[in-house]
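Residue strings, one per chain:
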Amino acid sequence: MALSQCKPAAAKADSRLRQQCQEIYRRLQTYFILAVQAGLAAALAWLAARMLLGNEDSTFAPAAAVGVIAAAIGNHARRAVELVAGVGLGILVGDLLIGLLGTGAWQTGAIVFVAIAVAAAVRGTGALMAQAGGTGVLIATVTPNNPDLELPRTLNALIGGAIGLLVVLVIVPLNPLRTLRRVADPALDTFAKQMTATARALADGDARAAEELLDEMRDAEPELDRLDEVIIAADEVARHSPLRWRRRRVLAAYSQGVEHMERAFRNSRALVRRIGTALRDDEPVPPDLPAAIELYGEAVRMLHREYLAVEEPVGARERVLAAVREAGKACRQDIGFSGTIVVSQLRTIANDLLRATGVPRNEARRMVRRAAAGYG
């Protein structure tokens, strides 16, 4: 008896380990280009500070270059401004207080405190405050005995920020579509497979399988979060890098739809939870209900394909509305309390997916209502 209980637990642990290894591998694939960009930017910024400006102390040039790339995956231009402003603030506060207070442990603490306090007072973001504090530490500990270097240090930061942007947008811009596919393919494929498995669990009356699917969906949520993050970065590259302008239409479709896709995913978790309740309560399950969920999974797959093909997502919309019609048929048959809630949740998810295809809010609601009534 104990052995039979251990085997499923070991299999589940092994499955989770494989998922974690796959997650690490996917992250390395996604962020390898960022490591290349950061290394190249640091080297070029160091050379520029030495050769163009003639600065012996070129600490802040590579630091700023790396910061532009590593401070955030997306919004590089805005982050560059924040980073350089933070460096300038840290330099100003550091040099001023070192001149007044000297150097040492408590002076370093005072410099960091004042730099972050000033950044907060001017309503700076977390990145600005962190950069101001970090630069203050460098000023207090690395170069405290070099007076009158405020301008060279600031120029180093400006050069480094500019080179960071040059590398990330012109010299080695990431391929936005390839990067997006590396994240979107597994994330949306997993999403669609989970819906197919949910339909199967519902058709088979397997409450245990529904519970396991709910755990899997919780584990998969970071994949959807990373998709949002990568789309922001890819969209910025497509808008600002001349080499990637032709990808703008694809990225625009994704960036407009990802918010609704995430909402659909989270609403699907509530759907699976309620399905588990219906199965545990032995409620009747009309065959149209699993069919509706199966169509929903097909709609997710179709939407992803149509995004990448830069096509109007007509196929995805048709499957969404077909799912709503099937759910409407189920609702008009013998169905329990939880089953009725499942149908309602399916309509909410259908609205999310229609919004992800570009349908306006009021039109999406109208289409769902007509499909639920058996029209359209």
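For the structure, see preceding data.
(A) Inspection of the packing of helix α11 (residues 314-331) against helix α13 (residues 361-372) at higher detail. Two elements in contact, α11 and α13, have axes whose closest approach is 7 Å; the angle formed by their N-to-C orientations is 40 degrees. Classified by the angle their axes make, α11 and α13 are oblique. In this structure, α11 meets α13 at a crossing whose hand is right-handed. Residues L321, V324, R325 and G328 of α11 form the contact with α13, whose own contacting residues are M367, V368, A371 and A372. Residue composition of the contact of α11 with α13, grouped by class: six nonpolar, one polar and one charged.

(B) Representation of the nonpolar core within the structure. L227, L289, Y296, V300, L346, L353 and L354 are the most contacted members of the largest nonpolar core, which has 61 residues in total. Within the residue set of this core, elements represented by two or more residues are α7 (176-204), α8 (207-240), α9 (248-280), α10 (288-308), α11, α12 (337-356) and α13. Tallying contributions element by element places α7 first for this core, with 11 residues. Counting residues in hydrophobic clusters, the runner-up holds 16 residues, among them L89, L97, I98 and A140.

(C) Inspection of the packing of α12 against α13 at higher detail. Direction vectors running N to C along α12 and α13 enclose 135 degrees, while the axes themselves pass 9 Å from each other. Considered as vectors, α12 and α13 are oriented oblique to each other. Regarding α12 and α13, the two cross each other, and that crossing is right-handed. Two secondary-structure elements touch here, α12 through R347, A350, N351, L354 and R355 and α13 through R361, A364, R365, M367, V368 and A372. Of the residues that constitute the contact of α12 with α13, the class distribution is six nonpolar, one polar and four charged.

(D) Expanded view of the pattern of salt bridges. Summed over the entire model, instances satisfying the criterion amount to eight salt bridges. The partner of R319 in a salt bridge is E298, with the nearest N and O atoms 3.7 Å apart. Here the residue R319 occupies a position in helix α11, and E298 occupies one in helix α10, the gap between them amounting to 21 residues. The exposure class assigned to E298 is partly exposed, which follows from its relative accessible area of 29%. Here R317 ties to E312 by a salt bridge, and the two come within 2.8 Å at their closest N and O atoms. For R317, a relative accessible area of 16% translates into the label buried.

(E) Seen up close, unusual backbone geometry. In this structure, D282 takes a positive phi of about 55 degrees despite not being glycine. Mapped onto the secondary structure, D282 falls in the loop between α9 and α10. On the accessibility criterion, D282 (68% relative accessible area) is exposed.

The rules behind the values
Residues numbered from 1 in each chain as written. Predicted model: local features only at pLDDT ≥ 70, side-chain atom pairs only at ≥ 80, totals over all residues. Heavy atoms only, no water. Axes fitted to C-alpha atoms, helices over the stretch in contact; angles between N-to-C directions. Helix = DSSP H or I, 4+ residues; strand = E, 2+ residues; numbered from the N terminus. Parallel < 35°, antiparallel > 145°, perpendicular 65-115°, else oblique. Left-handed = near helix turned anticlockwise from the far one by under 90°. Contact = heavy atoms within 4.5 Å. Nonpolar A, V, L, I, M, F, W, Y, C, P; charged D, E, K, R; others polar. Core = buried A, V, L, I, M, F, W, Y, C linked by side-chain atoms within 4.5 Å. Buried < 20%, exposed > 50% of the residue type's maximum accessible area, 1.4 Å probe, protein only. Salt bridge = Lys/Arg side-chain N within 4 Å of Asp/Glu carboxyl O.

Any link to function would need more than the numbers given here.
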